[in-house]
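# Remarks on the overall topology
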Amino acid sequence: MAITRKKITVVGAGFTGATTALMLAQKELGDVVLLDIPQLENPTKGKALDMLEASPVQGFDSHIVGTSSYEDAKDSDIVIITAGVARKPGMSRDDLVNTNAGIVKSVCESVKTHAPNSTVIILSNPVDAMTYVAYHSLGFPKNRVIGQSGVLDTARYCTFIAQELNVSVEDVRGFVLGGHGDDMVPLVRYSSVGGIPIDTLIPKDRIEAIVQRTRVGGGEIVNLLGNGSAYYAPAASLVQMTEAILKDKKRILPVIALLEGEYGYQDLFMGVPVILGGDGIEKVFELELTPEEKAALDKSAESVRSVTSVVTL
Ligand SMILES: NC(=O)c1ccc[n+]([C@@H]2O[C@H](COP(=O)([O-])OP(=O)(O)OC[C@H]3O[C@@H](n4cnc5c(N)ncnc54)[C@H](O)[C@@H]3O)[C@@H](O)[C@H]2O)c1
Ligand SMILES: O=C(O)C[C@H](O)C(=O)O
């Protein structure tokens, strides 16, 4: 019996989209369709072909095609949306809201037509608001519309903790909740190294510095790059989410989910820990928060609400 491979479409073949496509293929998570606008069809085909030609060297058998046609995305299992503009130094993610809302809306119209059973992961910024836009444009059930922020923010947080203690990143566990903005909420109380709570190992002022560096981690990269934003760690985060879904791994990861009463928020897309598996978001975990943690999450939720409110659907 022929084995049907999974099909993953990455919309937007820029820095994050192209990097994601390559990482997905390297892990053989499925065949990859890399899609960008018609004006960039040849460069998109060129990037895909270049990646494919790496496959004999690296020994992966995923196919990769570049295209500007949604026909090629037909019946995708997963669609990852990276289409849109990135910020430059001096800008906030929220400055992108109007431009990217239009792009995400038009992409979702095509996804709805050509891949109606897909699970959709949104990366375009401001990503909490763009996930809200995608949900309403797609009309898919809430478990199949997922935003990426918490995996990346947590990865940055864990990187800084590992650096601080000079220990393996593999032994660091942590969580970042809330919106993908400068008031996101790294949860120190739920962070540990090899099972040891970090607040017993790292002085308070150093933890505060790590929390603050995490909050502005995207901006740190934007300032260093000078013309664009991070893409290696964002791509790795998208791949981890895709793998959790396609392999039904039931990972517990922080992702942007529709909240309908959880944590006291209604009709809000924001980062929370979930079970991510074959059905997409299979469960949202409601953690016990201290009054200080809840106040910080409320502040982050307010920022998300404020940028989401300017979007016209
Ligand atoms: N959520 C996160 O954690 C996170 C992380 C990194 C980047 N981002 C966001 O992801 C987006 C992409 O970042 P990037 O660095 O890849 O930018 P980029 O400029 O390198 O690539 C964006 C691509 O989208 C394409 N595009 C624009 N309109 C399109 C459309 N209608 N259909 C298909 N493709 C279209 C562009 O042609 C371009 O190739 C930005 O909004 C950025 O802020 C979010
Ligand atoms: O910071 C950005 O604008 C891109 C992304 O959201 C990130 O956190 O790297």
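Bear in mind that the values here come from a model prediction, so they are computed numbers and not experimental data. (Residues numbered from 1 in each chain as written. Chains lettered and ligands numbered in written order. Predicted model: local features only at pLDDT ≥ 70, side-chain atom pairs only at ≥ 80, totals over all residues. Heavy atoms only, no water.)

## Some points on the packing of helix 6 (residues 150–165) against helix 7 (residues 204–215)
- Two numbers describe how helix 6 lies on helix 7: the axes approach to 9 Å, and their chain directions differ by 145°. Pair helix 6 / helix 7 crosses with right-handed handedness. Residues Asp153, Tyr157, Phe160, Ile161, Gln163 and Glu164 of helix 6 touch helix 7, and the partners they reach there are Arg206, Ile210, Val211, Arg213 and Thr214. (Axes fitted to C-alpha atoms, helices over the stretch in contact; angles between N-to-C directions. Helix = DSSP H or I, 4+ residues; strand = E, 2+ residues; numbered from the N terminus. Left-handed = near helix turned anticlockwise from the far one by under 90°. Contact = heavy atoms within 4.5 Å.)

## Overview of the pairing of strand 14 (residues 280–284)
- Direction of pairing for strand 13 (residues 266–277) relative to strand 14: antiparallel, over a ladder of four bridges. Across the sheet, isoleucine 275 pairs through a bridge with lysine 283, a residue of strand 14.
- Hairpin connection from strand 13 to strand 14: two residues lie between these consecutive antiparallel strands. (Pairing = 2+ DSSP bridges.)

## Points about the UniProt feature "active site" (unreviewed entry) in the protein chain
- Under the UniProt annotation, "active site" (unreviewed entry) lies at His180.
- Overall, histidine 180 belongs to the buried group, its relative accessible area being 10%.
- In terms of polar contacts, histidine 180 uses its side chain to reach the side chain of arginine 93, at 3.3 Å. (UniProt positions renumbered as here; feature names shortened; annotations may be inferred. Buried < 20%, exposed > 50% of the residue type's maximum accessible area, 1.4 Å probe, protein only. Polar contact = N/O pair within 3.5 Å; in protein donor to acceptor, adjacent residues only side chain to side chain.)

## So, the sheet that holds strand 10 (residues 192–193)
- Pairing is antiparallel across the open sheet formed by three strands, whose spatial order is 7-10-11. Either end of the sheet is taken by a strand with one partner, and the two such strands are strand 7 (172–173) and strand 11 (196–197).
- Inspection of the sheet shows strand 7 paired to strand 10 by two bridges, in the antiparallel sense. Within strand 10, the residue paired with valine 172 across the bridge is valine 193.

## Things to note about the site of ligand 2
- The environment of ligand 2 is formed by Arg87, Arg93, Asn125, Leu152, Arg156, His180, Gly218, Ser229 and Ala230.
- Contact distances for ligand 2 include 2.8 Å between an oxygen atom and a side-chain N or O atom of arginine 93.
- Within the side chain of asparagine 125, an N or O atom sits 2.9 Å from an oxygen atom of ligand 2.
- Among the residues making up the shell around ligand 2, the classes are represented as two nonpolar, four polar and three charged. (Near = heavy atom within 4 Å. Nonpolar A, V, L, I, M, F, W, Y, C, P; charged D, E, K, R; others polar.)

## Digging into the site of ligand 1
- In the region of ligand 1, 27 residues are neighbours, and Phe15, Thr16, Asp36, Val85 and Leu123 sit closest.
- In the environment of ligand 1, an oxygen atom lies 3.5 Å from a nitrogen or oxygen atom belonging to the backbone of glycine 14.
- The separation between an oxygen atom of ligand 1 and a polar side-chain atom of glutamine 148 is 2.9 Å.
- Here ligand 1 has 850 Å² of accessible area as a free molecule, and 86% of this is covered by the chains.
- Looking at the shell around ligand 1, the elements that each hand over two or more residues are helix 1 (15–26) and helix 4 (97–114).
- Looking at side-chain class alone, the shell around ligand 1 contains 16 nonpolar, 10 polar and one charged residues. (Areas by Shrake-Rupley, 256 points an atom, 1.4 Å probe, with all protein chains shown as cover.)

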